[in-house]
2 protein chains.
Amino acid sequence: MQTEKGQSIEDASMQMIEDEIGDHEYDKREWQIVRRMIHSTADFDFAGCNKVVFHPDAIESGMSALKRGCSIITDVNGVIGGLNKQNPRDFGNRLVCNISDPGIMETAKKEGKTRSQVSMRAAASEINGGVVAIGNAPTALLEVIQMAREKAARPALIVGIPVGFICAAESKEELARLKEAPFITNLGRKGGSSSASAVINALFKMIRAESS
Amino acid sequence: MQTEKGQSIEDASMQMIEDEIGDHEYDKREWQIVRRMIHSTADFDFAGCNKVVFHPDAIESGMSALKRGCSIITDVNGVIGGLNKQNPRDFGNRLVCNISDPGIMETAKKEGKTRSQVSMRAAASEINGGVVAIGNAPTALLEVIQMAREKAARPALIVGIPVGFICAAESKEELARLKEAPFITNLGRKGGSSSASAVINALFKMIRAESS
């Protein structure tokens, strides 16, 4: 789903990132992911003060689940918007984002929670064996961390890249300490739905490259 | 469509931005927009080296068109994903993103263009009187600039915040020189779909605040 011109712009962009990045600490697969995050944000801080942190099993577990057609569960529609849709079509992944469901809103109001927090708990069955991609809400990420610790769901991978001023950095520090599930996260306040989509798009790109 | 808890997190975030920003050059309405871009990216560069630039009629023209229910035309689905959907529902705005249409792909291949470039030309009738929000593709922005210069369409507002390494900064410099239509853009490589959505969300927020 890329024209020749679109692909040549992407290739030239990636080359500029390679030329400007200098030394970094990532291995070959990790760098595919970090480079795509930088590509989607033009922000080299994702290899610097907001650097990406990988659980040792994250890439393997995420690629293997996506390849098998696992569900992809997001906190906001923006993460789904940023995905290359050809991938879930080809691999049969269901895209799940419950945040706008009226029932979620009702429960959130009743329980004094955020919608994204409630939407994660409601998606427990999809999260089990699925890949979670959080680009916005720290409350969603903290809920998934708690679900993993309680064994309420065992995600194949948690991509936790919320952005913001209240609790985003703290929720990601908590994720980086998680033992119960593989994760990809980053340091500090920066992140966002484009970065979370970029991680998923990069994983699919590697699946295609390694099977071709 | 915000819970009490969600709103209180947003309020606290905005307060942190106010506390940290220090002096800036924006007037009250402009700052509502820039602050929401910083909120959605945790990136103060949008008031610094990637600062936002406003055509003098931009905010007035954009608010007035959105309030009348104009179409909102985006280059990528990610921009639509980041919009607060309650606004277009309440004000009757049509959300237009043609990039995944098979016909667009075909034309793009045939003409050696990008899909997003072709998708803008195909949306000329919606762009006329509409608000364009570009968060990804410089080629889409350059096409809209050309359409405005040719009087092929007269947008009420062009929000041009593409991100990236190839031509993003240059396309935005071109937009900042446009005489034929009001614009909101920013300097440099940074931008993205979350920032473009943030501008539109902020405009609707001001419409509601000023009419309540």
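How each quantity is defined
Residues numbered from 1 in each chain as written. Chains lettered and ligands numbered in written order. Predicted model: local features only at pLDDT ≥ 70, side-chain atom pairs only at ≥ 80, totals over all residues. Heavy atoms only, no water. Helix = DSSP H or I, 4+ residues; strand = E, 2+ residues; numbered from the N terminus. Buried < 20%, exposed > 50% of the residue type's maximum accessible area, 1.4 Å probe, protein only. Contact = heavy atoms within 4.5 Å. Areas by Shrake-Rupley, 256 points an atom, 1.4 Å probe, with all protein chains shown as cover. Lys, Arg positive; Asp, Glu negative; His and termini not counted. Charge placed at Lys NZ, Arg CZ, Asp CG, Glu CD. Pairing = 2+ DSSP bridges. Right-handed = clockwise from strand over helix to strand, strands pointing away. Polar contact = N/O pair within 3.5 Å; in protein donor to acceptor, adjacent residues only side chain to side chain. Buried area = accessible area lost by both parts, 1.4 Å probe. Salt bridge = Lys/Arg side-chain N within 4 Å of Asp/Glu carboxyl O. Nonpolar A, V, L, I, M, F, W, Y, C, P; charged D, E, K, R; others polar. 1 Å grid on protein atoms, 1.4 Å probe; cavity = no way out; pocket = protein on both sides within 12 Å on 5 of 7 lines; lining within 4 Å. Points joined across faces, edges and corners; volume = space filled by probe spheres on them. Axes fitted to C-alpha atoms, helices over the stretch in contact; angles between N-to-C directions. Least-squares fit on C-alpha atoms with pLDDT ≥ 70 in both.

**Student:** How would you summarise the overall build of chain A if you had to cite specific residues and measurements?
**Tutor:** Tallying secondary structure elements over chain A gives 11 helices and 6 strands in all. Principal axes of the C-alpha set define a box for chain A whose edges measure 50 × 35 × 30 Å. Buried residues in chain A amount to 58% of all 212 residues. Across chain A, contacts joining residues at least 24 apart in sequence account for 69% of those joining residues at least 6 apart. Here chain A has roughly 8600 Å² of accessible surface; of this, 47% comes from carbon and sulfur atoms. When the 26 basic and 27 acidic side-chain charges of chain A are each reduced to a single mean position, those positions are 5 Å apart.

**Student:** Could you give an account of the pairing of strand 4 (residues 131-134) of chain A, naming the residues involved and the relevant values?
**Tutor:** Residues and elements named next belong to chain A. Neither face of strand 4 is exposed, since V131 and A133 on one face and V132 and I134 on the opposite face are all buried. As defined by bridge partners, strand 2 (residues 72-74) adjoins strand 4 across 3 bridges and the pair is classed as parallel. Its bridge partner being in strand 4, I72 is matched across the sheet by V131. Of the pairings in the sheet, the one linking strand 4 to strand 5 (residues 157-160) comprises 4 bridges and is parallel in character. Bridge pairing in strand 5 links I134 to G160. In this fold, the crossover linking strand 4 to strand 5 by way of helix 9 (residues 138-149) has right-handed handedness.

**Student:** Provide a residue-level description of the side chain of N93 of chain A, including the pertinent values.
**Tutor:** All names here are of chain A. Among the structural elements, N93 can be located in the loop between helix 5 (86-91) and strand 3 (95-96). Under the relative-accessibility criterion, N93 is labelled buried at 6%. Of the polar contacts made by the side chain of N93, one reaches the backbone oxygen of C70; its length is 2.9 Å.

**Student:** An account of the interface of chain B and chain A is requested, with residue identities and associated values reported.
**Tutor:** Contacts between the two partners involve 40 residues from chain B and, on the opposite side, 40 residues from chain A. For the pair chain B and chain A, the summed buried area comes to about 3100 Å², and 65% of that belongs to carbon and sulfur atoms. Applying the counting criterion to the chain B and chain A interface returns 4 salt bridges. As a salt-bridge pair, D43 of chain B and K190 of chain A come within 3.6 Å of each other at their nearest N and O atoms. Listing elements by their share of the side of chain B that touches chain A, those giving two or more residues are helix 1 (4-21), helix 2 (28-41), helix 4 (77-81), helix 6 (102-111), helix 7 (115-122) and helix 11 (193-211) of chain B. A per-element tally of the side of chain B that touches chain A places helix 1 of chain B first, with 8 residues. Grouping the constituent residues of the side of chain B that touches chain A by class yields 13 nonpolar, 19 polar and 8 charged.

**Student:** Explain unusual backbone geometry residue by residue, including any values.
**Tutor:** Non-glycine residue C167 of chain A carries a positive phi angle of around 75°. Inspection of the secondary structure puts C167 of chain A in the loop between strand 5 and helix 10 (168-176).

**Student:** Can you explain empty space enclosed by the protein? Please cite residues and give values.
**Tutor:** Under the counting rule described, the total for this entry stands at 1 cavity of 30 Å³ or more. Lining the largest cavity are 20 residues, with T41, G191 and S195 of chain A together with T41 and G191 of chain B sitting closest to its centre. For the lining of the largest cavity, the class distribution of residues is 2 nonpolar, 14 polar and 4 charged.

**Student:** So what's going on with the sheet that holds strand 5 (residues 157-160) of chain B? Residues and values would help.
**Tutor:** Residue and element names in this part refer to chain B. Strand order in this open sheet of 6 strands is 1-6-5-4-2-3, and the pairing throughout is mixed. This sheet does not close on itself; its edge strands, each paired only once, are strand 1 (52-54) and strand 3 (95-96). Across the sheet, helix 3 (residues 58-67) touches strand 1, strand 2 (72-74), strand 4 (131-134), strand 5 and strand 6 (183-186), and the angle it forms with strand 4 is around 110°.

**Student:** Talk me through the relation of the copies chain B and chain A; I want residue IDs and the actual numbers.
**Tutor:** Expressed as a screw transformation, the operator carrying chain B onto chain A has a rotation angle of 180° and an axial translation of 0.0 Å, and the superposed copies differ by an RMSD of 0.0 Å. Both copies are brought into coincidence by an operation consistent with a two-fold rotation axis. By residue overlap, the copies meet face to face through one surface: 100% of the interface positions of chain B are interface positions in chain A.

**Student:** Residues and numbers for the sheet that holds strand 1 (residues 52-54) of chain A, please.
**Tutor:** Residue and element names in this part refer to chain A. Taken in spatial order, the 6 strands line up as 1-6-5-4-2-3 in an open sheet, and their pairing is mixed. On the outer flanks of this sheet lie strand 1 and strand 3, each paired with one strand and no other. As judged from the 2 bridges shared by strand 2 and strand 3, these two strands associate in the parallel manner. Note that in strand 3 the partner of I73 across the bridge is V96.

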